[in-house]
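Chain and residue survey
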Protein chains: 2
Amino acid sequence: MQTMGDPLAASAILAVMQLNTNVFTIFMKFSNERSKPFMSTTPATIKDIARLLGISVSTVSRALKDHPDISAETKEKVNEIARKLNYRPNALALGLKSSRSTTIGVIIPEIVHFFFSTVISGIEDAAYEAGYNVMVCQSNEMYERETIVAKALLDHRVDGVLVSIAKSSAKFDHLTLLQDNGIPLVFFDRVCSFIESDAVVVDDYKGAYMATEHLISIGCKNIVHLAAPENLLIGELRKVGYCRALEDHNMAVDPYNIYLCDTREKVEEKIHRILSRDPKPDGFFAVNDSTAIAVLQEVKKAGYRVPEDIAIVGFGDGPNTTICSPTLTTVEQNGYEIGYEATRFLLDRITKCNTGAAARKKVLTPVLVKRESTDRKV
Amino acid sequence: MQTMGDPLAASAILAVMQLNTNVFTIFMKFSNERSKPFMSTTPATIKDIARLLGISVSTVSRALKDHPDISAETKEKVNEIARKLNYRPNALALGLKSSRSTTIGVIIPEIVHFFFSTVISGIEDAAYEAGYNVMVCQSNEMYERETIVAKALLDHRVDGVLVSIAKSSAKFDHLTLLQDNGIPLVFFDRVCSFIESDAVVVDDYKGAYMATEHLISIGCKNIVHLAAPENLLIGELRKVGYCRALEDHNMAVDPYNIYLCDTREKVEEKIHRILSRDPKPDGFFAVNDSTAIAVLQEVKKAGYRVPEDIAIVGFGDGPNTTICSPTLTTVEQNGYEIGYEATRFLLDRITKCNTGAAARKKVLTPVLVKRESTDRKV
DNA sequence: AATGAAACCGCAAACGTTTGCGGTAATTTT
DNA sequence: AAAATTACCGCAAACGTTTGCGGTTTCATT
């Protein structure tokens, strides 16, 4: 058979020759195929290989994973046919049998945000390194969507879930549901205080403290903080960092200088009210970059100079911070590292099956990136 | 039993009472659980429900889907236990049985880009509306990664795949592999000319034509085009649109005015060479927004005024275009709509099983969004 | 020549579902 | 009262794998 030119035809003959039992069905298989010899429209299975070779599925299965019980000759034949048929193991069957799907789920607010998309890159890299697949689900910051995707991940029997909670999530039954079903959870960035679980976060308190202190150091006397909703821990921590920095420099914390304002839209809605307060703000610390940039644009439009009249600091260090003008001082958050480390935590839980071990927490230290929006000549 | 206060305890009793055969295993089940009555660490199955109720799995299965053969009483009991156990059907088993996973795969270059992440939003919405889940995989613009994720999607027996090819992909065996296995393909944005399949794209030619014509209309005489690699059809089409617009206005197409330059890095590398050419460029049409914005920043840095000395147009209309200064004129691409329509195409193929029908193509018309970077007083 | 041990391979159960078919009991129809 | 429905439920096979166990050969050892 090695003398034949066309390897496909060669194996077809080989296969037919070795048949003993069900020649008919095989023949049907061949005659049914249109123009694609040896390739049905449906994925090849171990059964197909076994049938073509006239051996049992057990043998094929063992041959494919190089089991010592199988002869070299058989292994060769099996692998050849498998290659020709483009055989790929059915992950559903594998998962059902082993009750492990080698897939991890991700519940993430919105991937449009640069930070979250870099987190995903870190997650994917860590997962692929370990042979795991990733299933990414957006909650779109909506509690309902979060519950839906959590259940979908449960349905698919993912081996673990990485989650950063939505702004609007106040109930967490859907997450404890996952835990109750033996699916380990690891939080990243936006953690949930009510659930005992591993977590990877940045030191939001410290980042906010540094940001505020920097504004103070360049001479700001009346610093406004644009904050996130209260149920978000990261928002709270950043607010506390802001307050503490003021206190440590003997500046009073004016509650009226703290606004719930974490999107561009809210900035456009509230900015005039904020700017018309007395004493007038000369510094802004916003809970994220896009809010900070919106402020930057609005105050410029209102005739103020940045950073001379008003200095601004954001949080996150997305690429936008270098394309606005002036460029934005911000607190760097290494999304990739957060995703990578969180996934390492999760894989650890999965492979070690140590769901019992105490919750670990990794806190990454952010760094303040100084740019033009706070670059005053002091 | 309705008189008891605790519904959990009530059903436990109910369950034990109804047992006839395997009391022992049930008892084991209870005594094994720590602090979580009625909830093992592993997901509940139909078998569990059947065992607790002393009925067969077939009955439970039918009861759960409201089959007329099952009595109202049984249905009620089954549903009650199912709810208590947080029963969720095993998607792996369902997929294996039906050879449909109600999951669609997405192969996308990089979700960091605003355009692609909006596409995903459109995909998700269309998929969820139809009860499908979405598995998003990034190729990171790498051919190897693209082949890996394609195989992973095949392994998971997704019902269909949406794909936008990586810049570096020149071979497409991994995609025909999917087709050969009966998995329908729909391309979005970056199509592959060698594979006959459905596609949803924007009219890149027209978008480029409009952009170039706009530059001409504001008085640009020497317009540079920063192009994508040649193997990307969208890049080619945009280049052709650029050339055609010049020709239609009796302006010569200078091949030296066309550069392979589609990232910020390449701009920083080549901009000085480009600007030092004679005649000096007075207009730029870049193949995407981030490239255009990089140009904008570099020419400003080099002392030129935008748009007075040099006018710039991008492609894509991401949010960056409104935060750079001056704001960027660009060609709007409705990513959400592309994703939504592509998914509709795919679901159509899946549900209708009409893999045989001719390939359909939907071309969305982009619109030119004029902003400051071309706002000359003419 | 009988025994033992390799070397190879197949049977069958299991994972969690669905579903055609058959069966029993209760109810209705003659 | 017999027959025919009707109502309700269980058996078992199937989806694609893996794997413990048992079964044949074959070959080397006494």
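Since the structure is predicted, the reported quantities are computational estimates derived from the model, not experimental observations. (Residues numbered from 1 in each chain as written. Chains lettered and ligands numbered in written order. Predicted model: local features only at pLDDT ≥ 70, side-chain atom pairs only at ≥ 80, totals over all residues. Heavy atoms only, no water.)

**Examining the overall build of chain A**
- Counting its regular elements, chain A contains 14 helices and 12 strands.
- Looking at chain A residue by residue over its 378 residues, the buried ones come to 54%.
- When contacts within chain A are restricted to residue pairs at least 6 apart in sequence, long-range pairs at least 24 apart make up 71% of them.
- Only carbon and sulfur atoms are counted for the fraction: they give 54% of the accessible area of chain A, which is about 16,700 Å². (Helix = DSSP H or I, 4+ residues; strand = E, 2+ residues; numbered from the N terminus. Buried < 20%, exposed > 50% of the residue type's maximum accessible area, 1.4 Å probe, protein only. Contact = heavy atoms within 4.5 Å. Areas by Shrake-Rupley, 256 points an atom, 1.4 Å probe, with all protein chains shown as cover.)

**Some remarks on the relation of the copies chain A and chain B**
- At an RMSD of 0.1 Å, chain A and chain B line up after a rotation of 180° and a shift of 0.0 Å along the axis. Viewed as a symmetry operation, the transformation between the two copies matches a two-fold axis.
- Most of the interface of chain A is mirrored in chain B: 100% of its interface residues are interface residues there too. (Least-squares fit on C-alpha atoms with pLDDT ≥ 70 in both.)

**Let's talk about the protein's contact with DNA strand C**
- Not every one of the 25 residues close to DNA strand C is listed here, only the nearest: T59 of chain A together with I46, S61, R62 and K65 of chain B.
- Interatomic distance of 3.2 Å between a side-chain N/O atom of K97 of chain B and a base oxygen of DNA strand C.
- Listed by contribution, the elements that provide at least two residues to the surface near DNA strand C are α4 (57-64) and α6 (91-98) of chain A together with α3 (46-53), α4 (57-64) and α6 (91-98) of chain B.
- Here the residues of the surface near DNA strand C are counted per class, giving eight nonpolar, nine polar and eight charged. (Near = heavy atom within 4 Å. Polar contact = N/O pair within 3.5 Å; in protein donor to acceptor, adjacent residues only side chain to side chain. Nonpolar A, V, L, I, M, F, W, Y, C, P; charged D, E, K, R; others polar.)

**Description of the interface of chain A and chain B**
- Of the residues lining the interface, 54 residues belong to chain A; the matching set on chain B comes to 54 residues.
- A buried area of about 4,800 Å², summed over both sides, lies between chain A and chain B, and 52% of it is on carbon and sulfur atoms.
- Interface area lost by chain A to chain B is led by R88, L92 and I323 of chain A, which between them contribute 15%.
- Summed over the shared surface of chain A and chain B, the number is four salt bridges.
- Residue R88 of chain B pairs with D155 of chain A through a salt bridge whose shortest N-O separation is 2.8 Å.
- At the boundary of chain A with chain B, the tally comes to 15 residue pairs in polar contact (both at pLDDT 80 or more). (Buried area = accessible area lost by both parts, 1.4 Å probe. Salt bridge = Lys/Arg side-chain N within 4 Å of Asp/Glu carboxyl O.)

**A closer look at helix α12 (residues 264-275) of chain A**
- Along its 12 residues, α12 of chain A runs 16 Å from first to last C-alpha, staying within 8% of the 16 Å computed at 1.5 Å per residue.
- On its buried side, α12 of chain A packs onto β6 (223-227), β7 (258-260), β8 (283-286) and α13 (289-301) of chain A. (Expected span 1.5 Å × (residues − 1).)

**Quick word on the packing of aromatic side chains**
Residue and element names in this part refer to chain A.
- Inspection of every chain in the model, using the stated rule, returns 10 aromatic pairs over all chains.
- Relative to Y209, the ring of Y205 lies with its centre 6.1 Å away and its plane at 40°, an arrangement referred to as tilted. Pair noted here: Y205 and Y209 are both in helix α10 (residues 204-217), with a separation of four residues, about one helical turn.
- Since its relative accessible area comes to 28%, Y205 is described here as partly exposed. (Phe/Tyr/Trp six-rings, centres within 6.5 Å; stacked < 30°, edge-to-face > 60°.)

**Observations concerning the pattern of salt bridges**
- Across all of its chains, the model carries 46 salt bridges over all chains by this definition.
- When salt bridges with common partners are traced through the structure, they connect D198, D348, R349, K352 and R360 of chain A into a single cluster.

**Digging into the sheet that holds strand β1 (residues 103-108) of chain A**
All names here are of chain A.
- Spatial strand order, β2-β1-β3-β4-β5-β11: six strands in an open sheet with parallel pairing. Looking along the sheet, the strands with just one partner apiece sit at the ends: β2 (133-138) and β11 (361-364). Strand after strand, the sheet turns through a mean of 15° between neighbouring axes, direction not considered.
- Note: strand β5 (residues 198-202) against β11, four bridges, orientation parallel. For V201, the partnering residue across the bridge sits in β11 and is V363. (Pairing = 2+ DSSP bridges. Axes fitted to C-alpha atoms, helices over the stretch in contact; angles between N-to-C directions.)

**Focus: the confidence of the model for chain A**
- On average, residues of chain A score 88 in pLDDT, and 88% of them reach the 70 mark or higher.
- This model gives residues 1-38 of chain A a pLDDT under 50, and the stretch forms 36 contacts once residues within four places in sequence are excluded. (pLDDT = per-residue confidence, 0-100.)

**What about unusual backbone geometry?**
Residues and elements named next belong to chain A.
- Cis peptide bonds are those with omega within 30 degrees of zero, and the linkage from S325 to P326 qualifies with 0°.
- With respect to the element layout, P326 can be found in the loop between β9 (311-313) and β10 (330-332).
- The phi torsion at N140 lies on the positive side, around 55°, for a residue other than glycine.
- Here N140 lies in the loop between β2 and α8 (143-155).

**Quick look at the sheet that holds strand β2 (residues 133-138) of chain B**
Residue and element names in this part refer to chain B.
- On the basis of which strands lie adjacent, the open sheet formed by six strands has the order β2-β1-β3-β4-β5-β11 and parallel pairing. Strand pairing shows two members of the sheet lacking a second neighbour, β2 and β11 (361-364), which therefore form its edges. Ignoring which end each strand starts from, the neighbouring axes of this sheet average 15° apart.
- Bridge analysis of strand β1 (residues 103-108) against β2 gives six bridges, and the strand direction is parallel. If you follow V106 over to β2, its bridge partner there is V136.

**Thoughts on the protein's contact with DNA strand D**
- Within the structure, DNA strand D sits among 25 residues, and S61, R62 and K65 of chain A together with T59 and T74 of chain B are positioned closest to it.
- Within 4 Å of the protein, the atoms of DNA strand D are drawn from sugar and phosphate moieties in a proportion of 57%.
- K65 of chain A is positioned such that a nitrogen or oxygen atom in its side chain is 2.6 Å from a phosphate oxygen of DNA strand D.
- One of the side-chain N or O atoms of S56 of chain B is found 2.8 Å from a phosphate oxygen in DNA strand D.
- By residue class, the composition of the surface near DNA strand D is eight nonpolar, nine polar and eight charged.

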